[in-house]
Amino acid sequence: MNMTDPYVKQNIENGVATIEFFHPAHNSLPGDILAKLAQTITDAGTNDDIKVIVLKSGRDRTFCAGASFKELININDAETGRIFFSGFANVINAMRKCPKFIIGRVQGKTVGGGVGLASAVDYCMASKFASIKLSELNVGIGPFVVGPAVERKLGLSGMSQIAIDANSFYDAEWARSKGLYMKVYDSNEELDEAVAAFANHLCTYNPEAMAEMKKAFWAGTEDWDNLLAERAAISGRLVLSDFTKETLKRFA
C-alpha cells in the first residue's frame, strides 16, 4: 500500500480495538471510506474480543476535514446528493448503535463531518490543536446530517453558534467548555498516553454494564435512522441549488 493511499484499518490489542481512518486530503472522507468505516464500527460492536473502541485518524495534523470536496463538486442530481450525504449519517448511526463505548482521539483540526464524528463518540479526548469548525454554510448548504449529533453534545446554543459562524475555528478549550471534549492535552504524545490508559482501564469494567449505560446515554435517538436520512436529502437538494453550484465553481 502506498503511503498516501486512503484506508480504514483496525488493530485489536488486549480488548481495545483501535479503528483508524486516513485520506491524504486532510482526512476528508469519500463515500467508499465512509462506508468502510461504518462497517468496521458495526463489526467491532459484535466482536466478543473487543471491549472498547478507540476512533482516530492517521497522521498528526487534521483529524477530519469532513466529506470529500472532489465528490461534492461532481454531484448533479438529488439522489446522488442524498447518497453522498448519507455517508456521514451511516457512520454516526453505526457509532450510536454500537454496544461498545467509543473513545474519540482528536489530534488536530476538525471540520464539518469531522465535528459530527467527534460528537458521536461516547468520550472524546483531544489535543490543544483540535479546533473545530462547521463550514457547511460557506458553500451554500448546512450541517444538517451532523447537526443532531453536534447538538446532542454542544447543546442547541453551541451548535447554532458554530453553524452560523461558519468561517471561524473554535479552539479546543471552547469545545471542552461546551462538552464536546472531556479533556484537552498539550501534545499528541500526552493525548495518546491518556487515551491508551483510559481505554485499558475501561476494559476492566463489566461489558454488559457498559452496553446498558450506552443504551441509556443514547435514549431518545431511536429515530435517527430516519432523521439523518431526511437531513441527507435536504443537503442533497441544496447542493444542486444555483447558489451552491456557483460557490463550488470557486473550488473546482
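Use the structure listed above.
Computed from a predicted structure; not experimentally measured.

Conventions we followed
Residues numbered from 1 in each chain as written. Predicted model: local features only at pLDDT ≥ 70, side-chain atom pairs only at ≥ 80, totals over all residues. Heavy atoms only, no water. Axes fitted to C-alpha atoms, helices over the stretch in contact; angles between N-to-C directions. Helix = DSSP H or I, 4+ residues; strand = E, 2+ residues; numbered from the N terminus. Parallel < 35°, antiparallel > 145°, perpendicular 65-115°, else oblique. Left-handed = near helix turned anticlockwise from the far one by under 90°. Contact = heavy atoms within 4.5 Å. Expected span 1.5 Å × (residues − 1). Buried < 20%, exposed > 50% of the residue type's maximum accessible area, 1.4 Å probe, protein only. Arc of directions from axis to C-beta. Salt bridge = Lys/Arg side-chain N within 4 Å of Asp/Glu carboxyl O.

Student: A description of the packing of helix α4 (residues 113-120) against helix α5 (residues 147-164) should follow, citing residues and the corresponding values.
Tutor: Closest axis-to-axis distance for the α4/α5 pair is 8 Å, and the angle between their directions is 55°. Classed by the angle they form, the pair α4 and α5 counts as oblique. At the point where α4 passes α5, the crossing takes the left-handed sense. The residues of α5 that touch α4, namely those facing V115, G116, A118 and S119, are A149, V150, R152 and K153.

Student: Break down helix α7 (residues 188-202) for me, with residues and values.
Tutor: The terminal C-alpha atoms of α7, which comprises 15 residues, lie 21 Å apart, in line with the 21 Å expected from a rise of 1.5 Å per residue. Buried within α7 we find N188, L191, A194, V195, A199 and L202. One side of α7 carries all its buried residues, which in axial view fall inside an arc of 125°. Opposite the buried face of α7, by more than 90 degrees, sit the exposed residues E189 and E193.

Student: Give a detailed account of the pattern of salt bridges, specifying residues and quantitative values.
Tutor: Within this structure, the stated rule accounts for 9 salt bridges. Through salt bridges that share partners, R96, K97 and D225 make up one connected network.

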